Amino acid sequence: MTMPENGAGAEVLRPHAEDAFAHELKALAAADDRPRPVRWKLSPWAVATYLLGGELADGTVITPKYVGPRRIVEVAVTTLATDRALLLLGVPGTAKTWVSEHLAAAVSGDSTLLVQGTAGTPEEAMRYGWNYARLLAHGPSREALVPSPIMRAMTEGMTARVEELTRIPADVQDSLITVLSEKTLPIPELGQEAQAVRGFNLIATANDRDRGVNELSSALRRRFNTVVLPLPATADAEVDIVARRVDQMGRALDLPPAPEGLEEIRRVVTVFRELRGGITDDGRTKVKSPSGTLSTAEAISVVTNGLALAAHFGDGVLRPSDVAAGILGAVVRDPAADRVVWQEYLEAVVREREGWKDFYRACREVTA
């Protein structure tokens, strides 16, 4: 029995950026009359517009993919237009992977040349492997060689991506040094090398809370321009990010529109920001912070799960009872210490806050 391939009408659960936003990329390409680096699909200005959003002269609305300081995006795009690789650094949930994917989609039209970093990522994933049937039958040859996504990006002038670079073993990380400094990948088995052509670059992401897992060597770190992605500066900005992403994900899952639950989204964001920052929004009450990161990405997950509960077991409107369990799961990672932090926050802050009685009751119910 053969597995069916995705046909033209198949509903992909999570389309690649270049597919999900194909109409925006096409409109930008048509309106873009600025100089483009070799093999770039768009000019640096258009790439930044694609990420930050805007309205084109023909009325096409480009939705924001990243909500944050414009300068961060401009520096990232400019780095890719040089021969320097780009490292996106930040705490969990600061949209590093999201930005990486959309940068690759806008620059190269293909975000799939990806190496996912784990503790078990082998060197072959960064360099090349072999088709062992051909290797045994005919010996080492170009036909038997299986290029990695990075090798393909080098030879085709595309943008490669390495996710969670610091989770990759240090000796495997360092296989990138020659690629990034000499723009070449030696193939000693063939006495050859793969040279990068113009248009090639690499985007890596790393979690700055993973220091000590597999820190980057100074030699490798020097090969990158590092851009730090911060947490959202204001509650309004974070609410906007959560609402946009939940709405996008909800449409794919046939969930109710996120705007109908905007009050609960703001409440989730407020709880996360206060516990994350160790102080209430009004600056009057200090609170303890739990062990987890309580990132924007986790807030998106909590709200999306809440919308699913509202859709399938409620009246379709997001309510406190739909998000309470998700918040508890995000906050209480250490069953002993974090539960105390959460209960103190409930009693000292949530219980006394005007308009939060239903939320307090829902949280007390799941906490008990």
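Residues numbered from 1 in each chain as written. Predicted model: local features only at pLDDT ≥ 70, side-chain atom pairs only at ≥ 80, totals over all residues. Heavy atoms only, no water.

Give me the nonpolar core: which residues, what numbers.
Core analysis: the largest hydrophobic core is formed by 37 residues, its most contacted members being Val271, Phe272, Ile327 and Trp342. Residue assignment for this core shows that the elements contributing at least two residues are helix 12 (235–252), helix 13 (262–277), helix 14 (296–313), helix 15 (320–331), helix 16 (337–350) and helix 17 (357–367). Residues within four places of Phe272 in sequence aside, it is in contact with Leu294, Ser295, Glu298, Ala299, Val302, Ile327 and Ala330. Counting residues in hydrophobic clusters, the runner-up holds 35 residues, among them Ala153, Val172, Phe200 and Ala204. (Core = buried A, V, L, I, M, F, W, Y, C linked by side-chain atoms within 4.5 Å. Buried < 20%, exposed > 50% of the residue type's maximum accessible area, 1.4 Å probe, protein only. Helix = DSSP H or I, 4+ residues; strand = E, 2+ residues; numbered from the N terminus. Contact = heavy atoms within 4.5 Å.)

With reference to specific residues and values, describe the packing of aromatic side chains.
Counted by the stated rule, this structure contains 4 aromatic pairs. A ring pair is formed by Tyr128 and Trp130, whose centres lie 5.8 Å apart and whose planes are at 85 degrees; its orientation type is edge-to-face. With a relative accessible area of 14%, Trp130 lands in the buried category. Taking 5.3 Å as the distance between ring centres and 80 degrees as the angle between the ring planes, the aromatic pair formed by Trp356 and Phe359 counts as edge-to-face. Given a relative accessible area of 10%, Trp356 falls into the buried group. One cation-aromatic arrangement involves Arg267 over Trp356; the distance from NZ or CZ to the ring centre is 5.2 Å. The positively charged end of Arg353 is found above the aromatic ring belonging to Trp356, 4.7 Å away from the centroid. (Phe/Tyr/Trp six-rings, centres within 6.5 Å; stacked < 30°, edge-to-face > 60°. Lys NZ or Arg CZ within 6 Å of the ring centre and 35° of its normal.)

Pulling in residues and values, what's your account of the pattern of salt bridges?
Per the stated rule, a full pass over the model turns up 22 salt bridges. A salt bridge links Asp358 to Arg361, with the nearest nitrogen and oxygen atoms 2.4 Å apart. With Asp358 and Arg361 both in helix 17 and 3 residues apart, the pair spans about one turn of that helix. It is possible to trace a salt-bridge network through shared partners that takes in Arg70, Arg71 and Glu74. (Salt bridge = Lys/Arg side-chain N within 4 Å of Asp/Glu carboxyl O.)

How would you explain helix 15 if you had to name every residue and give the values?
Look at helix 15: 16 Å from first C-alpha to last across 12 residues, which is about the 16 Å you get at 1.5 Å a residue. Those residues of helix 15 that fall on the buried side of the exposure criterion are Pro320, Asp322, Val323, Ala324, Ile327, Leu328, Ala330 and Val331. Where helix 15 is buried, its residues meet helix 13, helix 14, helix 16 and helix 17. (Expected span 1.5 Å × (residues − 1).)

Can you break down helix 12 residue by residue, with the values?
Each full turn of the α-helix corresponds to 3.6 residues, which orients residues three or four apart in the same direction. Over its 18 residues, helix 12 runs 26 Å from end to end, which matches the ideal 26 Å to within 8%, given 1.5 Å per residue. Ala235, Ala237, Glu238, Val239, Ile241, Val242, Ala243, Val246 and Gly250 are the residues of helix 12 that are buried. Of the surrounding elements, those touching the buried residues of helix 12 are helix 13 and helix 14. The first or second residue beyond helix 12 is Asp254, which carries a positive phi of 60 degrees.

Account for unusual backbone geometry, naming residues and giving values.
A positive phi is found at Glu164, a non-glycine position, where the angle reads about 55 degrees. Note on placement: Glu164 falls in the loop between strand 7 (159–163) and helix 9 (170–173). The backbone phi angle of Leu294 is positive, close to 50 degrees, even though this residue is not glycine. Within the secondary structure, Leu294 is located in the loop between helix 13 and helix 14.

Give me the sheet that holds strand 3 (residues 85–90): which residues, what numbers.
If you walk across this open sheet you meet the 5 strands as 4-7-10-3-11, and the pairing is parallel. What marks the edges here is a single partner per strand, and that holds for strand 4 (114–116) and strand 11 (224–228). For this sheet, the mean inter-axis angle between neighbouring strands, taken without regard to orientation, is 20 degrees. In terms of strand pairing, strand 4 meets strand 7 through 3 bridges, oriented parallel. By the bridge assignment, Gln116 is partnered in strand 7 with Glu163. (Pairing = 2+ DSSP bridges. Axes fitted to C-alpha atoms, helices over the stretch in contact; angles between N-to-C directions.)

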